Amino acid sequence: MPEMTSQQIRAFLTAEPPRTGKVAFTARDGSPRVVPIWFVVEGDELVFNTGAETLKGRAFARDPRIALCVDDERPPFSFVTVRGEVTLSDDPGEVRRTAAAIGGRYMGAERAEEYGERNGVPGELVVRLPLAGARGVLDLAE
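How each quantity is defined
- Residues numbered from 1 in each chain as written.
- Predicted model: local features only at pLDDT ≥ 70, side-chain atom pairs only at ≥ 80, totals over all residues.
- Heavy atoms only, no water.
- Helix = DSSP H or I, 4+ residues; strand = E, 2+ residues; numbered from the N terminus.
- Buried < 20%, exposed > 50% of the residue type's maximum accessible area, 1.4 Å probe, protein only.
- Contact = heavy atoms within 4.5 Å.
- Pairing = 2+ DSSP bridges.
- Polar contact = N/O pair within 3.5 Å; in protein donor to acceptor, adjacent residues only side chain to side chain.
- Arc of directions from axis to C-beta.
- Phe/Tyr/Trp six-rings, centres within 6.5 Å; stacked < 30°, edge-to-face > 60°.
- Lys NZ or Arg CZ within 6 Å of the ring centre and 35° of its normal.

## Section: the environment of arginine 97
Item 1. Inspection of the secondary structure puts arginine 97 in helix 3 (residues 92–107).
Item 2. A relative accessible area of 42% places arginine 97 in the partly exposed class.
Item 3. For arginine 97 and leucine 55, which are 42 residues apart along the polypeptide, the C-alpha to C-alpha distance reads 23 Å.
Item 4. In this structure, arginine 97 is in contact with Glu42 and Arg128, ignoring residues within four places of it in sequence.

Here it is in structure tokens:
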């Protein structure tokens, strides 16, 4: 299976239409969890939002290690995985800005501010995952 270059990984993660990410983490009781997320790529980081009091938010605060997979469900079934430690921010301006950027990416630019207002509120977090731990496979069918 051919591996992606860093440029191919970035292109895959920022492709249109946008793909969802599936983030894996460990709950307080030690059980594994996987949930879908919307995200954007900013610089060398994959960025998404979550509530501070959600299962994810509490898990990330307790243990910042996560794994994430973004896949193309159509042939040739390529994917990118990222493992690393997240950083969290509850800065209101950053939360609103990223919520608008993410909403605009998935729902269209005309709805970006609507999503920024709805999701950029107190109690929400910005989650940043460095792309340094990213690996990608171009073609599972090969």
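## Considering the pairing of strand 8 (residues 124–130)
Here is the key point about a regular strand: its side chains alternate between the two faces of the sheet.
Item 1. The buried fraction of strand 8 is high, at five of seven residues.
Item 2. As paired elements, strand 4 (residues 45–51) and strand 8 share seven bridges and run antiparallel to each other. The partner of threonine 50 across the bridge, within strand 8, is leucine 125.
Item 3. Of the pairings in the sheet, the one linking strand 7 (residues 87–89) to strand 8 comprises three bridges and is antiparallel in character. Of the residues in strand 8, the one forming a bridge with threonine 87 is arginine 128.

## Let's talk about the side chain of glutamate 94
Item 1. Relative to the helices and strands, glutamate 94 resides in helix 3.
Item 2. One polar contact links glutamate 94 to arginine 128, side chain to side chain, over a distance of 2.9 Å.
Item 3. Ignoring anything within four residues of it in the chain, the contact list for glutamate 94 reads Ser89, Val126 and Arg128.

## Brief notes about helix 2 (residues 55–62)
Item 1. When we look at burial in helix 2, the residues that qualify are Lys56, Gly57, Ala59 and Phe60. In an axial view of helix 2, the angular spread of the buried residues amounts to 165°, which keeps them on one side of the axis.
Item 2. Residues of helix 2 that are buried make contact with strand 1 (21–26), strand 2 (32–37), strand 4, strand 5 (65–71), strand 7 and strand 8.

## Some words on the packing of aromatic side chains
Item 1. Summed over the entire model, instances satisfying the criterion amount to five aromatic pairs.
Item 2. Seen in terms of ring centroids, tryptophan 38 and tyrosine 106 are 4.8 Å apart; in terms of plane orientation they differ by 10°. Their pairing is stacked. One end of the pair, tryptophan 38, is in the loop between strand 2 and strand 3 (40–42); the other, tyrosine 106, is in helix 3, and 68 residues separate them in sequence.
Item 3. Residue classification places tryptophan 38 among the partly exposed residues on the basis of a relative accessible area of 32%.
Item 4. When its relative accessible area of 15% is taken as the criterion, tyrosine 106 is described as buried.
Item 5. Measuring from ring centre to ring centre gives 6.0 Å for tryptophan 38 and tyrosine 115, while their planes differ by 45°; the resulting arrangement is tilted. With a gap of 77 residues between them, tryptophan 38 in the loop between strand 2 and strand 3 and tyrosine 115 in helix 4 (residues 112–119) connect regions that are remote in the sequence.
Item 6. Taken together, the ring pairs in this structure connect Trp38, Phe39, Tyr106 and Tyr115 into an aromatic cluster.
Item 7. The cationic tip of arginine 19 hangs over the ring face of phenylalanine 12; the distance from NZ or CZ to the ring centre is 3.8 Å.
Item 8. Positioned above the aromatic ring of phenylalanine 39 is the side chain of arginine 105, whose terminal nitrogen or guanidinium carbon lies 4.9 Å from the ring centre.

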